[in-house]
Amino acid sequence: MCQGEEVESSAVYIVTLKKAPALHYNGEMRRFGSSEVTHGTYSTLNKPRNIFASSRSYDSYLVRYHDSLLNKVLKGESYLKLYSYRYLINGFAVLVTPQQADKLSRRREVANVLLDFSVRTATTHTPEFLGLPGGAWMKEGGPEVAGEGIVIGFIDTGIDPTHLSFADDISTNHYPVPAHYSGVCEVTPDFPSGSCNRKLIGARHFAASAITRGIFNATQDYASPFDGDGHGTHTASIAAGNHGVPVIVSGHHYGNASGMAPRAHIAVYKALYKSFGGFAADVVAAIDQAAQDGVDIVSLSITPNRRPPGLATFFNPIDMALLSAVKAGIFVVQAAGNTGPSPKSMSSFSPWIFTVGAAAHDRIYTNSLLLGNGLTITGVGLAPETDGDSMYTLVSAIHALKTNMTDPSDMYLGECQDPSLLNREIVQGSLLICSYSIRFVLGVSTIKQALQTAENVSAVGVIFYLDPYVVGFQINPTPMIMPGIMISSSNDSKAFLSYYNSSLVRNGSSNAVTNFGGVARILGGLKANYSSYAPKVLYYSARGPDPEDSALDDADIMKPNLIAPGNLIWGAWSSAGADSVEFEGENFAMISGTSMAAPHVAGLAALIKQKFPSFGPSAIASALSTTASLYDKQGGPIMVQRAYTNPDSTQSPATPFDMGSGFVNATAALDPGLIFDSGYDDFFSFLCNINGSGPVVQNYTSKSCGGASTMNGMDLNLPSITIAKLNQSRTVMRTVTNIADNETYSLGWSAPYGVSMSVTPNRFFIASGQIQNLTIIFNATFNNTAPSFGRIGFYGNLGHVASVPLSVIQKLTFNITAH
């Protein structure tokens, strides 16, 4: 490392080198990167344990090699090396000027020099909704053993180690740290000795790239694994939080929380922060370390801030590091992103990554407002109801201003943010009416402060109505310490204000309010209701088709892979969590996003890995995908919200570009019957087939593509088929492996619109451990550029059912010659 005066134009660059990283250096001898099926028997991808033990000398060599190269190329110049990447990719992150980066790029040892880029962060009831207590948990021994021995690594904002969801002493059962995990627990003043235990078995933080930019705020961000945001604590608890932890918020008990795999172990790799999000250089370092430590699953509730530039979206340091993680047998789950509902809004791109979209589950929190005229208005709010059957006077904040307040038209005066502005004598004993304006959406005004104002002026409760300028914004339930309601509809807000204004008595000459005639009472709010119209895809969940490049050409890869609960999810919250001001200081928070959906699947993957230790990433992905549900609780098709504004009025049946294979079915995934398996070599060939990709592939993998590859995305042995451009006819091959007892399968299918198809064979007997090859032929019947969808169903005589979604975007019945 060399140090000198800071150069203004310096920036962080990720430099990859041509020499193989430790994983690939040893990989060819072990062949653990391939799931080849030989001699008609099933050979799953076995995750190697302690795969780096024999490569420590090579690891040390690479660090010296990085330092030597930097010293040689930039001798006498100022630079700062931030990380050495040794395991999944070979390279380093370094703070240099553009001129120095150019020098490095011209060295024969250097494969690629890329400017660092930013990334962002994209439960009590969901175990019941997913059928775990009577299904997956019960079949495997109950929550006391669910996920035991499996390590989930979280690349997120850290964790609060003091939370009961991560304690290791709430059960008397033996709970050893898995022998294959070799991570450490970083000790700092914010994360003291003893923070880790047999549940939380590893914790580190990565912030070098952020620190070099001068944006790291030690007060808010914590230079330790401690979570100053709340997001990381929340996601970790969804996947692997302890079973039966009471959820108490604002003094109210909302049930008992549990992670999907409550006995799984947690390893934390903090690379995102409250103040600024994160950077790829830090994220890659975190992934690299997690793989070295021996995690079984990596959960990433993060996405890049922009679509990766270059030859293909797959060729970015994060996705390529994750490809090597998959080679090491690590199942990788990533949030789809919250950039829906537009097509091609996907923020997770690669076929080796399991991408999860967000769905609503059946639990909803609603309350209502009964007005003096008999009208009932529904709303949201985790709030108690008013006492008894009494009706209370309605008083708007703008009509309770002190006499020295001369401009009641100012928007903020109606937001109830300052009790000193209100006349306590007018408000006390009444329901205070507050405006929910755009300032609440921006975080300038808060529900918590309005409640404090109401308490200070002795109001019995609070009613929030939507300001007319808040158009299309979705209001989520917010905890309240007193009776309260948030009217979530613009039309209902207008109806409420119409009643209130019509009941006012005014002075004939001054127009001043002399009497408040409107009355109301608040009903419900603390107990959940359950809807039969669930699951459904939320408007914000990112959609396919999967963009292959920055020109938005479509990839032959289905994204998302699956949907899982992501809306209004209860999860643990950091004691210093500031991501949601409404839950600040609470031990649990209810938040929404694909960030919440991904750890649901990470936890369920741990259950599969526990039952099938030999399963590799593709086998786990297949089990989750082929068993997914296509129907809501009423038996109708899963619906999807198509618009941001009034989303429930724009619903239609979901397609594979909305929900992937469907809604995760935890119990069925533990008994999938058939598996579509693939491995690292398949993904490598797929990348080599991208036009002009040879040098880029070698840059990241240190392996030459060699001869021409013909492996298209549709040729990967995935449990889905996507054809971006069907030019007359296309034959697709798939191979299934039977992991259950001998069984006979019958096949049925529905062809995408504008396509005829056949599947051979359409019936077959398959013995346990055997494979069956399938040939699927697609023919375009007319020209069409609109996506159309179909499905192949496998129906076993022992009850196993597997479903494979089909997507065809462009159909051509004849070759079109460009003029």
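Calculation rules
Residues numbered from 1 in each chain as written. Predicted model: local features only at pLDDT ≥ 70, side-chain atom pairs only at ≥ 80, totals over all residues. Heavy atoms only, no water. UniProt positions renumbered as here; feature names shortened; annotations may be inferred. Helix = DSSP H or I, 4+ residues; strand = E, 2+ residues; numbered from the N terminus. Buried < 20%, exposed > 50% of the residue type's maximum accessible area, 1.4 Å probe, protein only. Areas by Shrake-Rupley, 256 points an atom, 1.4 Å probe, with all protein chains shown as cover. Pairing = 2+ DSSP bridges. Contact = heavy atoms within 4.5 Å. Salt bridge = Lys/Arg side-chain N within 4 Å of Asp/Glu carboxyl O. Axes fitted to C-alpha atoms, helices over the stretch in contact; angles between N-to-C directions. Patch = residues over 30% accessible without salt bridge, like charges linked within 9 Å, V, L, I, M, F, W, Y side chains within 5 Å. Disulfide = S-S within 2.5 Å. Lys, Arg positive; Asp, Glu negative; His and termini not counted. Charge placed at Lys NZ, Arg CZ, Asp CG, Glu CD. Phe/Tyr/Trp six-rings, centres within 6.5 Å; stacked < 30°, edge-to-face > 60°. Lys NZ or Arg CZ within 6 Å of the ring centre and 35° of its normal. Parallel < 35°, antiparallel > 145°, perpendicular 65-115°, else oblique. Left-handed = near helix turned anticlockwise from the far one by under 90°. Core = buried A, V, L, I, M, F, W, Y, C linked by side-chain atoms within 4.5 Å. Nonpolar A, V, L, I, M, F, W, Y, C, P; charged D, E, K, R; others polar.

The name recorded for the protein chain in an unreviewed UniProt entry is Subtilisin-like protease SDD1, from Acorus calamus. According to the UniProt record, the Sequence similarities (unreviewed entry) comment for the protein chain reads "Belongs to the peptidase S8 family." You can read under Subcellular location (unreviewed entry) in the UniProt record for the protein chain the words "Secreted".

Asks: A description of the overall build of the protein chain should follow, citing residues and the corresponding values.
Replies: Helix and strand content of the protein chain: 20 helices and 42 strands. For the protein chain, the proportion of its 819 residues judged to be buried stands at 60%. About 29600 Å² of surface is accessible on the protein chain, with carbon and sulfur atoms providing 50% of the total.

Asks: Provide a residue-level description of the pairing of strand S19 (residues 376–379), including the pertinent values.
Replies: Here S19 shows one buried face, formed by Ile377 and Gly379, and one open face, formed by Thr376 and Thr378. For strand S18 (residues 367–371) and S19, the ladder comprises four bridges, and the chain directions are antiparallel. From the neighbouring strand, Leu370 faces S19, where its bridge partner is Thr376.

Asks: Can you explain the UniProt feature "active site" (unreviewed entry) in the protein chain? Please cite residues and give values.
Replies: When the UniProt feature table is mapped onto this chain, "active site" (unreviewed entry) is found at Asp156, His231 and Ser595. A compact arrangement is adopted by the annotated residues: their sequence extent is 440 residues, whereas the largest C-alpha distance between any two is 9.9 Å. Take His231: it is sitting in helix H8 (residues 231–240). Owing to a relative accessible area of 4%, His231 belongs among the buried residues under this scheme. Once you skip the residues sitting within four places of it in the chain, His231 turns out to touch Thr121, Ala122, Asp156, Thr157, Ser301, Trp573, Ser595 and Met596.

Asks: With reference to specific residues and values, describe the pattern of salt bridges.
Replies: In this structure the tally under the stated criterion is 15 salt bridges. When the shortest N-O distance is used, the salt bridge between Arg204 and Asp293 registers 3.9 Å. Remark: Asp293 occurs in helix H9 (residues 280–293) and Arg204 occurs in strand S7 (residues 200–205); sequence separation between them is 89 residues. Across the pair Lys344 and Asp554 runs a salt bridge, and its minimum N-O distance is 3.2 Å. Separated by 210 residues along the polypeptide, Lys344 in the loop between strand S15 (331–335) and strand S16 (354–360) and Asp554 in the loop between strand S28 (536–537) and strand S29 (562–565) bring together distant segments of the chain. Overall, Lys344 belongs to the partly exposed group, its relative accessible area being 23%. What you see here is one network of salt bridges that share partners, running through Arg543, Arg642 and Asp658.

Asks: Give a description of the sheet that holds strand S14 (residues 302–304) that names residues and reports values.
Replies: Here four strands make up an open sheet; going across it, the order is S11-S12-S5-S14 and the pairing antiparallel. Each edge of the open sheet carries a strand with a single partner, namely strand S11 (272–273) and S14. Pairing analysis gives two bridges linking strand S5 (residues 118–121) to strand S12 (residues 277–279), with the strands arranged antiparallel. By the bridge assignment for S12, Val119 is matched with Gly278. Against the sheet, H9 makes contact with S5, S11, S12 and S14, and its axis sits at roughly 80° relative to S12, the strand it touches most.

Asks: Now, about a nonpolar patch on the surface: what can you tell me, with residues and values included?
Replies: A contiguous nonpolar patch, built from Ile438, Leu442 and Val444 and spanning about 290 Å² of accessible area, is present on the exposed surface. Mapped onto the fold, Ile438 is located in helix H12 (residues 438–441).

Asks: Describe the state of the cysteines, with residues and values.
Replies: Applying the stated criterion across every chain yields a total of three disulfides. Covalent S-S linkage joins Cys185 and Cys196, the inter-sulfur distance amounting to 2.0 Å. Here the disulfide of Cys185 and Cys196 is right-handed, its torsion about the S-S bond being about 80°. Note that Cys185 is positioned in the loop between strand S6 (151–156) and S7 and Cys196 in the loop between S6 and S7, a separation of eleven residues in sequence. Using a relative accessible area of 18% as the deciding quantity, one classes Cys196 as buried. Each sulfur in the disulfide pair Cys416 and Cys434 lies 2.0 Å from the other. Taking the torsion about the sulfur-sulfur bond, which here is approximately -105°, the covalent link between Cys416 and Cys434 counts as left-handed. Within this pair, whereas Cys416 is found in the loop between strand S20 (392–396) and helix H11 (424–427), its partner Cys434 is found in strand S21 (residues 431–436), the two being separated by 18 residues in sequence. Judged on exposure class, the residue Cys416 and its partner Cys434 are both buried. Sequence-ordered numbering of the disulfide-bonded cysteines in the protein chain gives the connectivity 1-2, 3-4, 5-6.

Asks: Residues and numbers for a positive patch on the surface, please.
Replies: A surface patch of like charges, here positive, comprises Lys18, Lys19, Lys72 and Arg108. The class for Lys18 is partly exposed, based on a relative accessible area of 46%.

Asks: Which residues make up the packing of aromatic side chains, and what values go with them?
Replies: One pass over the structure, following the stated rule, counts 24 aromatic pairs. Among the aromatic side chains, those forming a connected cluster through ring pairs are Phe216, Tyr273, Phe276 and Phe279. Residue placement shows Lys327 over the ring face of Tyr680; its charged tip is 4.7 Å from the ring centre. The ring centre of Phe684 lies 4.6 Å from the NZ or CZ of Lys703, which sits over that ring.

Asks: Tell me about the packing of helix H15 (residues 594–611) against helix H16 (residues 617–626), and please be specific about residues and values.
Replies: For the pair H15 and H16, interaxial distance at closest approach is 10 Å and the crossing angle is 110°. Taken as axis vectors, H15 and H16 run roughly perpendicular relative to one another. For H15 against H16, the interelement crossing comes out right-handed. Of H16, the residues touching H15 (which contributes Val601, Ala605, Ile608 and Lys609) are Ile620, Ala623 and Leu624.

Asks: With reference to specific residues and values, describe the nonpolar core.
Replies: Inside soluble globular proteins, nonpolar side chains tend to come together where they are buried. Ranked by size, the top nonpolar core spans 75 residues in total, and within it Ile152, Ile266, Ile297, Phe331, Trp570, Ile608 and Leu624 carry the most contacts. No other element matches H15, which puts ten residues into this core.

Asks: Can you break down the environment of Val444 residue by residue, with the values?
Replies: Secondary-structure assignment places Val444 in the loop between H12 and helix H13 (447–456). Classification of Val444 as exposed rests on a relative accessible area of 53%. Remark: the alpha-carbon pair of Val444 and Gln417, spanning 27 residues in sequence, is separated by 9.9 Å.

Asks: Describe the packing of helix H10 (residues 317–327) against helix H19 (residues 680–688), naming the residues involved and giving the relevant values.
Replies: Packing of H10 against H19 brings their axes to within 9 Å, and their N-to-C directions diverge by 150°. Comparing their axes, H19 and H10 come out roughly antiparallel. Between H10 and H19, the residues in contact are Met320, Leu323, Val326 and Lys327 and Tyr680, Phe683 and Leu687, respectively. For the contact of H10 with H19, the per-class residue count stands at six nonpolar, no polar and one charged.

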